[in-house]
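Here is what each chain is made of, one letter per residue.
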Amino acid sequence: MQRLILIGLAVCVLLGIAGVGGIWWMRQNRADSQWVPFPLNDKTSSEQRAELQKRLEEQLTKPEVMAKVVAQVGLQSKWGAASEQEAVNLLQSAVFVRQGEFRDPNTTLTYATMDVGVRGKYKEHALLGEIAVSLGKETRVILGVPEAP
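Reference entry: report on the structure contained in this document. Along each chain, residue indices are assigned from 1 in the same order as the chain's sequence is written. Reporting of local features is limited, given that this is a predicted model, to residues whose pLDDT is at least 70; pairs of side-chain atoms are given and counted only at 80 or more, and all residues count toward the totals for whole chains, interfaces and linings. Think of the side-chain values as coming from all heavy atoms in the structure, minus any hydrogens and water.

Considering the environment of glycine 100
The cut-off we apply is this: Under the DSSP-based scheme used, a helix requires at least four consecutive residues in state H or I and a strand at least two consecutive residues in state E, with every element numbered from the N terminus. Three labels apply to residues, based on accessible area from a 1.4 Å probe with only protein chains included: buried if under 20% of the type maximum, exposed if over 50%, partly exposed otherwise in between. Two residues qualify as a contact provided that any one of their heavy atoms is within 4.5 Å of a heavy atom in the partner residue.
Residue position: glycine 100 is located in strand S2 (residues 95-103). Residue class for glycine 100 comes out partly exposed when judged on its relative accessible area of 22%. Sequence spacing of glycine 100 and methionine 114 is 14 residues, and the spatial spacing of their C-alpha atoms is 5.8 Å. Once residues within four sequence positions are removed from consideration, glycine 100 is found in contact with Tyr111, Ala112, Thr113 and Asp115.

Some points on the sheet that holds strand S1 (residues 31-39)
Formally: Pairing between two strands is assigned when DSSP locates at least 2 bridges connecting them. Throughout, an axis means a line fitted to C-alpha atoms (over the contacting stretch in the case of helices), and angles, computed between N-to-C directions, take values from 0 to 180 degrees.
Sheet architecture is open: three strands sit in the order S1-S3-S2, paired in antiparallel fashion. Two strands in the sheet have a free side with no partner beyond their single neighbour: S1 and S2. Across the sheet, the mean angle separating the axes of adjacent strands is 35 degrees when strand polarity is ignored. By the bridge criterion, nine bridges tie S1 to strand S3 (residues 110-121) in an arrangement that is antiparallel. Each residue of the ladder has a partner; that of tryptophan 35, found in S3, is glycine 117.

If you want it as structure tokens, here you go:
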């Protein structure tokens, strides 16, 4: 009888460890995204915003721009891609440009933004931030916005 209790306790401990490990694994692999918001003029129409979004998507997903971002961040080694072209393809599939909004916490005013970012997994959160910043720099070049001092 005591052996059965001991075996039952060991099985319960193993199932508990497996459950905690499963929850941790699920949280690490959930979807995540990082982006850089670019504020837009309030006077722009929705057609102008849609045109800007389309233009940015076309410009950012060019292989030259993607290769530049891959090289800046070192994505080929961080993602374990066999070649730079494979890393460029992975990045092209993860990049997004969307219309968003930003709510200022001090004044509670809402501003229209164009969000440029990348999708990935939660365990790559810091890497996604680096990629988003690099994409933001490339977007500044495309839009002709000077660097802030």
